[in-house]
Amino acid sequence: MARKKIIAGNWKMNMTPSQAVELVNTLKPLVVNDDVDVVFCVPAIDIIPAMEAAKGTNIHIGAENMYFEEKGAYTGEISPAMLVDAGVKYVIIGHSERREYFAETDETVNKKVLKAFEHGITPIVCCGETLTQREQGVTIDFVRQQIKIAFLNVSAEQAASAVIAYEPIWAIGTGKVATTEQAEEVCKAIRDCIAEIYDDGTAAAIRIQYGGSVSASNAAELFAQADIDGGLVGGASLKPDFGKIVNY
């Protein structure tokens, strides 16, 4: 069975609740496509209003992060149960910005991935290398390590339903895009890694996105690659252009 493409917007720290409703209403008619899973991952405060605005459409609302404990004295964090109660089906885990600015590690990413599965939320697990790592030729080694630790103690059945987002850090928000060949090479290496950890069936089922300056002009070529099952889109997800990416 062919894997269904998944295009997710990562809003990052943008859009107030009222702006979020306005954006969802603007994008609603532009992202209609039953062949693609469309997800808007929005700031926590926007989840409920965005969910209301997206009701009755093909848009899923996701979160940008969550904590790995059920509840408790973790001021400022969002629990998986809160996301489930709000109707969230997807959560971005381990984005490079979370790793860089908020001290997330491969180990905390793994804890969050396990917790997401426990609550029936699909994790969008981020991985990707820096420019130095790319230049030193360690990209695939580094990404494989990120994946292997992120999926520690995750069952094959769970892994098959996960989404992995490969985002070369040097291409996020820089306007630099990995070439189609570079993107496909790493996405294939990720799929091979999943096959090693689990089996070919799991590797064939898991969806792998490319992220990093995805735009209306490069989406079709990227998503046509054998191992690229859609995109995790940053800046372009806040504009009507996101409709063109979804309907590439």
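Further remarks concern the packing of aromatic side chains. Following the criterion strictly, the structure yields 7 aromatic pairs and no others. Pairing tyrosine 101 with phenylalanine 102 gives two aromatic rings, centres 6.3 Å apart and planes at 85 degrees, and the pair type is edge-to-face. For tyrosine 101, a relative accessible area of 55% translates into the label exposed. Measuring from centroid to centroid gives 6.2 Å for tyrosine 166 and tyrosine 210, while their planes differ by 55 degrees, and the two rings are tilted. Placement of the pair is tyrosine 166 in strand 6 (residues 163–166) and tyrosine 210 in strand 7 (residues 207–211), with a sequence separation of 44 residues. What makes tyrosine 210 buried here is its relative accessible area of 0%. Taken together through their ring pairs, the aromatic side chains of Trp11, Phe40 and Phe242 make up a single cluster.

With that settled, consider the sheet that holds strand 7. Reading around the circumference, 1-2-3-4-5-6-7-8 is the order of the 8 strands in this closed barrel, with parallel pairing throughout. Put simply, the sheet's adjacent strands are angled 25 degrees from each other on average, direction ignored. For strand 4 (residues 90–93) and strand 5 (residues 122–127), the ladder comprises 4 bridges, and the chain directions are parallel. Counted as the bridge partner of isoleucine 92 is isoleucine 124 from strand 5. Packed onto the sheet, helix 7 (residues 139–150) meets strand 5 and strand 6 and runs at close to 150 degrees relative to strand 5.

In this section: the pairing of strand 2 (residues 36–42). Burial analysis of strand 2 places 7 of its 7 residues in the buried class, the great majority of the element. Taking every second residue as pointing to the same face, both faces of strand 2 are buried, with Val36, Val38, Phe40 and Val42 on one and Asp37, Val39 and Cys41 on the other. Note on the crossover from strand 1 (residues 5–10) through helix 1 (residues 17–27) to strand 2: the handedness is right-handed. Here strand 2 runs beside strand 3 (residues 59–63); their pairing, made up of 5 bridges, is parallel. Its bridge partner lying in strand 3, valine 39 is registered against histidine 60. Remark: the strand 2/helix 2 (residues 47–54)/strand 3 crossover connection has right-handed handedness.

Right, let's talk about the environment of alanine 205 for a bit. With respect to the helices, strands and loops of the structure, alanine 205 is situated in helix 10 (residues 200–205). Along the sequence, alanine 205 and methionine 15 sit 190 residues apart, while their C-alpha atoms lie 33 Å from each other. When near neighbours in sequence (up to four residues on either side) are disregarded, alanine 205 contacts Arg3 and Ala160.

Let's shift gears to the side chain of serine 237. Tracing the sequence through the fold places serine 237 in the loop between strand 8 (230–233) and helix 12 (241–246). Within polar-contact distance, the side chain of serine 237 engages the backbone oxygen of glycine 234 at 2.7 Å. Dropping the residues within four chain positions of it, serine 237 is found in contact with Gly9, Asn10, Trp11, Leu23, Leu27 and Phe242.

Of the two faces of strand 8, the one carrying Gly230 and Leu232 and the one carrying Gly231 and Val233 are both buried. Note that strand 1 and strand 8 share 4 bridges and pair parallel. Looking at strand 8, one finds that isoleucine 7 is bridged to glycine 231. The sheet contact formed by strand 7 and strand 8 spans 2 bridges and is parallel.

Analysis parameters
- Within every chain, residues take consecutive numbers counted from 1 along the sequence as written.
- Local features in a predicted model are, by the rule used here, given only for residues with pLDDT of at least 70; side-chain atom pairs are given and counted only at 80 or more, and totals for whole chains, interfaces and linings are based on all residues.
- As a convention, hydrogens and water are excluded, and side-chain values are obtained from all of the structure's heavy atoms.
- In summary, the pairing rule links any two rings of Phe, Tyr or Trp, Trp by its six-membered ring, whose centres are within 6.5 Å, and it sorts them by plane angle into stacked for under 30 degrees, edge-to-face for over 60 and tilted for everything else.
- Partly exposed residues are those whose accessible area sits between 20% and 50% of the maximum for their type, while under 20% is buried and over 50% is exposed, using a 1.4 Å probe and protein chains only.
- Every helix listed is a DSSP run of H or I at least four residues long, and every strand listed is a run of E at least two residues long, numbered separately from the N terminus.
- Only when DSSP finds a minimum of two bridges between them are two strands counted as paired.
- To obtain an axis, a line is fitted to C-alpha atoms, over the contacting stretch when the element is a helix, and the angle between two such axes runs from 0 to 180 degrees between their N-to-C directions.
- Residues count as neighbours in contact if any of their non-hydrogen atoms are within 4.5 Å of one another.
- The definition of a right-handed crossover adopted here requires that, viewed with the strands pointing away, the path from the first strand over the helix to the second runs clockwise.
- Polar contacts here mean pairs of N or O atoms no more than 3.5 Å apart (in protein, one a potential hydrogen donor and the other a potential acceptor; neighbouring residues in sequence count only if both atoms are side-chain atoms).

So, to be careful, I would describe these as geometric facts and stop short of saying anything about function.
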